[in-house]
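# Observations on the model geometry
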Amino acid sequence: MTTTVPRSCPECEGRLRADDCETICTQCGLVVDEHAIDPGPEWRSFDDDDANPERTGAPLTRSRHDKGLSTEIGHSNRLTGRKRRRVARMRRQHKRTQIRSKAERNRVYAFTEIRRLISRLDLPEHVREQSCALFESAQKENLLQGRSIEGFAAAVVYATCRTASVSRTVTEITDAAKSTRAELDAAYDAMNRELGLPTGPIDPREFLARFASKLDLPQEIEQRAREFATALRERGEDTGRNPGGVAAACLYTAAKHGGHDLTQREAADVADVTPVTLRNTYKRLERHASG
Amino acid sequence: MNIEDKRNISREYFSRERLAEHHFRSFNAFLDRGMQEVVDEKATIETDIGDKEGEEPVYVELGDVRIVTPRVREADGSEELLYPQEARLRNITYSAPVFMEMAVIKGGDEEEEVVVDQTETKIGRMPIMVGSNKCNIADFTREELIDIGEDPADPGGYFIVNGSERVLMTSEDLAPNKILAETDTKYGDTIEVAKTFSQRRGYRALVLCERTRDGLLEVSFPSVSGSVNFVTLVRALGLESDEEIVHRVSDDPEIVKFMLENLEAADVQTTEEAIESLGKRVASGQGKNYQLKRANYVIDRYLLPHLHEEGVDEEDVRINKAYYLCRMAEACFELALGRREPDDKDHYANKRLKVSGDLMRDLFRTALNKLARDVKYQLERANMRNRQLSVSTVVRSDVLTERLEHPIATGNWVGGRSGVSQLVDRTDYMGVLSHLRRLRSPLSRSQPHFEARDLHATQWGRICPSETPEGPNCGLVKNFAQAMELSQNVEDEQELKQELAQMGVEGIPGIESVEQPADD
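Given the structure is predicted, the values throughout are model-derived calculations rather than measurements. (Residues numbered from 1 in each chain as written. Chains lettered and ligands numbered in written order. Predicted model: local features only at pLDDT ≥ 70, side-chain atom pairs only at ≥ 80, totals over all residues. Heavy atoms only, no water.)

## Comments concerning the domain arrangement of chain B
- Split by domain assignment, chain B resolves into domain 1 (3-168 + 365-426), domain 2 (178-348) and domain 3 (443-506).
- Using C-alpha coordinates to define each centre, domain 1 of chain B is positioned 40 Å away from domain 2 of chain B. (Domains from an automatic or database assignment.)

Laid out in C-alpha cells, this is it:
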C-alpha cells in the first residue's frame, strides 16, 4: 500500500499537506499530486432500497494483521432454530481460522496496543499505519525473540513519531504504554541497529506547540520561543542537548521576556527534565540576548 | 387580543432559540443526566479473571462521567478550543472529550477488596450539537459570533461530523409501556389481542395477550417460543387462588364467566406447579433444577421489564406483573364483548417522539457496552501476561469515539435503522428550519399504510396539516406545527408518583406502594 507520492516536497523539502484532491507543499505551494484515487468504498444508489449500497469493502490497510481483507459471517434475524445455530458455529470456526500462527497472533496483539497508544496520544492516522508497517518489518527480521511485544509496540510508535516530525518524548510514550522504559529501549535499540531507522536528532521546535498548550501560554510567546529555537539551531547550539529541555528553556525564556508568569520548575516538568537542564540552555539564550 | 399583540407574541415566540428548542432540550438533558444514567446502569465491568484456582477476581467500577467543550488536538500535540466554523472548513468532527472515573478492584473471594488503580481517564469523544450547553458558542453575542465566522442567524441543533452537518431525524414511535387492544385474524378467525411494548433501559420486549377462538387466554413474550397459558403464567407470578385471579381481571359478570372457562381449563393449581410447567417450556429436555432456574430467570428478565424499579424487591415486581397481565386480559375481554373499541394506533396519545437526545442515548449505551467489552478483554490479556493492571492502559478511547461518530456520519443507527442522520438541507434558510423540525414515521414507505398517512384529528396543533412531501413518503414524513411544544420525560419518577397521589390518583387496591402499572 505504498503510494508513489514522496513524503517531502521534491523542490524545497517542505512539508506536504494532502486533502481530498491535491497534495501540496505547505512551503512553496507546489502541487505534488492531484486527482488522487479515492480508495474508499464504491457505491451505487437505489431510490427505494434498504440494502447497503456499497459494492466493495474498505481500502487495504497495513494496520490490520490481514490487511483488512478478511471476511466475516454476519448476523441475520431471519434465520431461526437449527440453521441459526449452525451459522453461529460456522462463525466461531471461521473466527478461529483468521489467526493461523503464533506470529500472526502476536501481530494482532501488537496492533491493538499500537492502536490504543495512537488514540491515547491523539496521533494522526498515518502514524498508526506506519507504526504497524514498522512492527511488521521488525517481526520479519526476527527481532522480537527475547524482547516484549509491548516494548516493540511502544518503540515503533516512538520511532514513527520521530520520522514523521511529530516527536513525542520517551516519557510521554511510556506513560501511556503498557511497557516499561527498559522494554522500549531494548526494542528501539534492536530496531535501530538492524533496520537502520531514518531518525536524526529531534528538532526541539516539534515540542514547542504541545508544551505551550500544556502550560497555557499565549500564541505570541510560543512564536517568540520558536524564534529562540531557530536561532539556537542556526548557531548549532542545540546539538548534544536534550531537545525537550531546549524546548522548555525556549518557552521559559520567551515567557520571561514577554512578562508571563512561569517558573522554571513548571516549564521543566512538562518536558520531564530537571530545572538544571533547562537553566543551561536558558543561560546560553540570555547571554546571546544581552551580548 | 388585538392583531398587533398577537403579532408581537408570535415574533417573540419564534426568536432564534425557539426554532430548534426541542433538539437543545433533549440533547442537554442527555448531557446533564442521560450519560450518567447510562453509566450507572452499567455500574461495573466484570472480568473472567479469578475463574482459575488461587486467583483473586478483578472487576472495574465505573464512576462519574464528565464532558468538556469541543476541542481539537493537532498533530503536534497541542490542544485548543474548536469552533463550529473551523470544524466545517477543516472537515473535522465537532466533538468534546468525555472523561470517566474508573477503578480497578481486586479481591473479594478470600482476600479483602483492594483498589488496584483509580483515575479519571479519557474514554472517547462525543459529537456535540451546535448551540447546546456544551457548545463553545453557546453564550456568544451576535458580534462575537460574527467575529469567529459564525452565522448569527443559524438555528443550530445539528452535529458536525467530518465537516458535514448532520441532523438527527426525530422519529415517531408507538408509545411504549401502554396496553393497546386490537383485533387480529388467526386461521381465518377474528381474535382479540392486547399488546404492550415494554421498554426499560434500551431493552424493548413485545408482550402479547391473545384470546383464542375457544375463549382461552394465551400470553407470548420474548425468549419463549409460541405462547403460554394465561392462568399458568399468572399463577407462576404468585397470583394463586381462582377467586383472586377472577377478581383482579374484572367484576363484570360476563367477564367473570369468561374467566371461569379459563380457570376450568387450567392445568396447574399452585405457584410451584406453574413454575415447573413454565420451566418445561423454556428449557425442555434439561435437568429439573436448571428448568426452575431458567423459568425464574425468564420471568424476571424478559416478561414486562418496564415494571422493574429501583428499590422494589422481586416479589412485589412479580405480583405487579401479574396485575398488569390481568389488565391486559380485561382489555381483551372488553374488546370481545364490544364494551370498547380497538385502540387507535394513529391517535397522537399513543405516539412518542424520539428526539436527538434519546437517539444519542441509545448510541452511547451500545458504545459504552462495546468499550466495556474491550476493557474486559484488555484486562484479561494484561493479567495473562502478568502486567500491572492500570486504568489508563486498558481503555482504548477510539472504540467509543468510533461507535459514536460512525452512526452520525452514515445514518446507520444501532438496532438496524438507517437514515437516522441526514445532511442538513442548506438549499435556503427556510430549508434548514423545516429540516430541523421534521419528523419521520418508521413505517416502510413501500407499503400503503393508508391510515398512518392520513391526517389524524389529534394532530391538531402538533403537526402541520399541509407540509408533507409528495410521493412515496407522503404522510410518513411530517413537520411540527408552528407553536408546538414538546414535553419531556420526567427526571424523577418517584416524585411524579407522589405528586399524582397527592392529586388524588389511586393505585390498585392491595398494593402498598403507589404503583400504577397501566400506562407509563
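## Looking at the nonpolar core
- Core analysis: the largest hydrophobic core is formed by 65 residues, its most contacted members being I114(A), F135(A), V157(A), M191(A) and C250(A).
- Counting residues per element, this core draws most heavily on helix 4 (residues 149-163) of chain A, which supplies 10 residues.
- Mapping this core onto the domain boundaries places at least three of its residues in each of domain 1 (102-194) and domain 2 (205-290) of chain A.
- Not counting the four nearest positions on each side in its chain, C250(A) is found in contact with L208(A), A225(A), F228(A), A229(A), L232(A) and L285(A).
- The next biggest cluster of nonpolar side chains, apart from the first, holds 62 residues, and it includes F24(B), C135(B), L168(B) and V432(B). (Core = buried A, V, L, I, M, F, W, Y, C linked by side-chain atoms within 4.5 Å. Buried < 20%, exposed > 50% of the residue type's maximum accessible area, 1.4 Å probe, protein only. Helix = DSSP H or I, 4+ residues; strand = E, 2+ residues; numbered from the N terminus. Contact = heavy atoms within 4.5 Å.)

## Overview of the packing of helix 2 (residues 102-120) of chain A against helix 4 of chain A
Residue and element names in this part refer to chain A.
- In the contact formed by helix 2 and helix 4, the axes pass within 9 Å of each other and the chain directions differ by 45°. With respect to each other, helix 2 and helix 4 are oriented oblique. For the element pair helix 2 and helix 4, the recorded crossing hand is right-handed. Side by side, helix 2 and helix 4 meet where N106, Y109, A110, E113, I114, L117 and I118 of the first sit next to I149, E150, A153, A154, V156 and V157 of the second.
- Of the residues that constitute the contact of helix 2 with helix 4, the class distribution is 10 nonpolar, one polar and two charged. (Axes fitted to C-alpha atoms, helices over the stretch in contact; angles between N-to-C directions. Parallel < 35°, antiparallel > 145°, perpendicular 65-115°, else oblique. Left-handed = near helix turned anticlockwise from the far one by under 90°. Nonpolar A, V, L, I, M, F, W, Y, C, P; charged D, E, K, R; others polar.)

## Describing the pattern of salt bridges
All names here are of chain A.
- One pass over the full model with this rule turns up 53 salt bridges over all chains.
- E136 serves as the salt-bridge partner of R62, at 3.7 Å between the closest nitrogen and oxygen. Residue R62 is found in the loop between strand 3 (31-34) and helix 1 (81-97), and its partner E136 is found in helix 3 (residues 125-140); the two are separated by 74 residues along the sequence.
- Note on E136: relative accessible area 10%, which makes it buried. (Salt bridge = Lys/Arg side-chain N within 4 Å of Asp/Glu carboxyl O.)

## A look at a negative patch on the surface
- On the surface, D175(A), D261(A), E266(A), D269(A) and D272(A) cluster together into a negatively charged patch.
- Of note, D261(A) is situated in the loop between helix 9 (243-257) and helix 10 (264-271). (Patch = residues over 30% accessible without salt bridge, like charges linked within 9 Å, V, L, I, M, F, W, Y side chains within 5 Å. Areas by Shrake-Rupley, 256 points an atom, 1.4 Å probe, with all protein chains shown as cover. Lys, Arg positive; Asp, Glu negative; His and termini not counted. Charge placed at Lys NZ, Arg CZ, Asp CG, Glu CD.)

## Describing the state of the cysteines
Residue and element names in this part refer to chain A.
- Applying the stated criterion across every chain, the model contains zero disulfides over all chains.
- Its sulfur unpaired, C25 is 3.6 Å from the next cysteine sulfur, which belongs to C12.
- When its relative accessible area of 4% is taken as the criterion, C25 is described as buried.
- In this structure C28 is not part of a disulfide, and its nearest cysteine sulfur, from C12, lies 3.6 Å away.
- Accessibility expressed as a relative area gives 44% for C28, which makes it partly exposed. (Disulfide = S-S within 2.5 Å.)

## Digging into the interface of chain B and chain A
- Contact with chain B, which involves 22 residues of that partner, is made by 25 residues of chain A.
- A buried area of about 2,200 Å², summed over both sides, lies between chain B and chain A, and 43% of it is on carbon and sulfur atoms.
- For the chain B face of the interface with chain A, the top three residues by lost area are R387(B), T393(B) and R396(B), together amounting to 25%.
- Where chain B touches chain A, the interface holds six salt bridges.
- Across the salt bridge formed by K122(B) and D122(A), the nearest N and O atoms sit 3.4 Å from each other.
- Counting across the chain B and chain A interface gives 12 residue pairs in polar contact (both at pLDDT 80 or more). (Buried area = accessible area lost by both parts, 1.4 Å probe. Polar contact = N/O pair within 3.5 Å; in protein donor to acceptor, adjacent residues only side chain to side chain.)

## Concerning the domain arrangement of chain A
Residue and element names in this part refer to chain A.
- Each domain of chain A was delimited in the assignment, giving domain 1 (102-194) and domain 2 (205-290).
- Taking only C-alpha atoms, the centre of domain 1 and the centre of domain 2 are 29 Å apart.
- Contacts between the two partners involve seven residues from domain 1 and, on the opposite side, six residues from domain 2.
- Of all residues in domain 1, the largest losses of buried area upon contact with domain 2 belong to S167, T169 and E172, amounting jointly to 62% of the total for that side.
- Remark: the boundary between domain 1 and domain 2 carries two salt bridges.
- When the shortest N-O distance is used, the salt bridge between E172 and K214 registers 3.4 Å.

## Digging into unusual backbone geometry
- At S165(A), a position not held by glycine, the phi torsion is positive, near 55°.
- Inspection of the secondary structure puts S165(A) in the loop between helix 4 and helix 5 (170-176).
- One non-glycine residue, S223(B), lies in the positive phi region at around 80°.
- One can find S223(B) in the loop between strand 13 (217-220) and strand 14 (228-229).
- Owing to a relative accessible area of 34%, S223(B) belongs among the partly exposed residues under this scheme.

## Here's the deal with the UniProt feature "domain: Cyclin-like" (unreviewed entry) in chain A
All names here are of chain A.
- When the UniProt feature table is mapped onto this chain numbering, "domain: Cyclin-like" (unreviewed entry) sits at residues 112-193 and 206-287.
- Helix makes up 73% of residues 112-193 and strand makes up 0%, while its end C-alpha atoms are separated by 25 Å.
- Each end of residues 206-287 is marked by a C-alpha atom, and these two atoms are 24 Å apart; helix forms 74% of the span and strand 0%. (UniProt positions renumbered as here; feature names shortened; annotations may be inferred.)

## Focus: the UniProt feature "binding site: Zn(2+)" (unreviewed entry) in chain A
All names here are of chain A.
- In the numbering used here, UniProt assigns the "binding site: Zn(2+)" (unreviewed entry) feature to C9, C12, C25 and C28. Across 20 residues of sequence, these annotated residues stay compact in space, with a maximum C-alpha separation of 8.6 Å.
- Tracing the chain through its elements places C12 in the segment before strand 1 (16-18).
- In this view, C12 contacts C25, Q27 and C28; residues no more than four positions away in its chain are not counted.
- Ignoring sequence-local partners within four residues, the contact set of C28 consists of C9 and C12.

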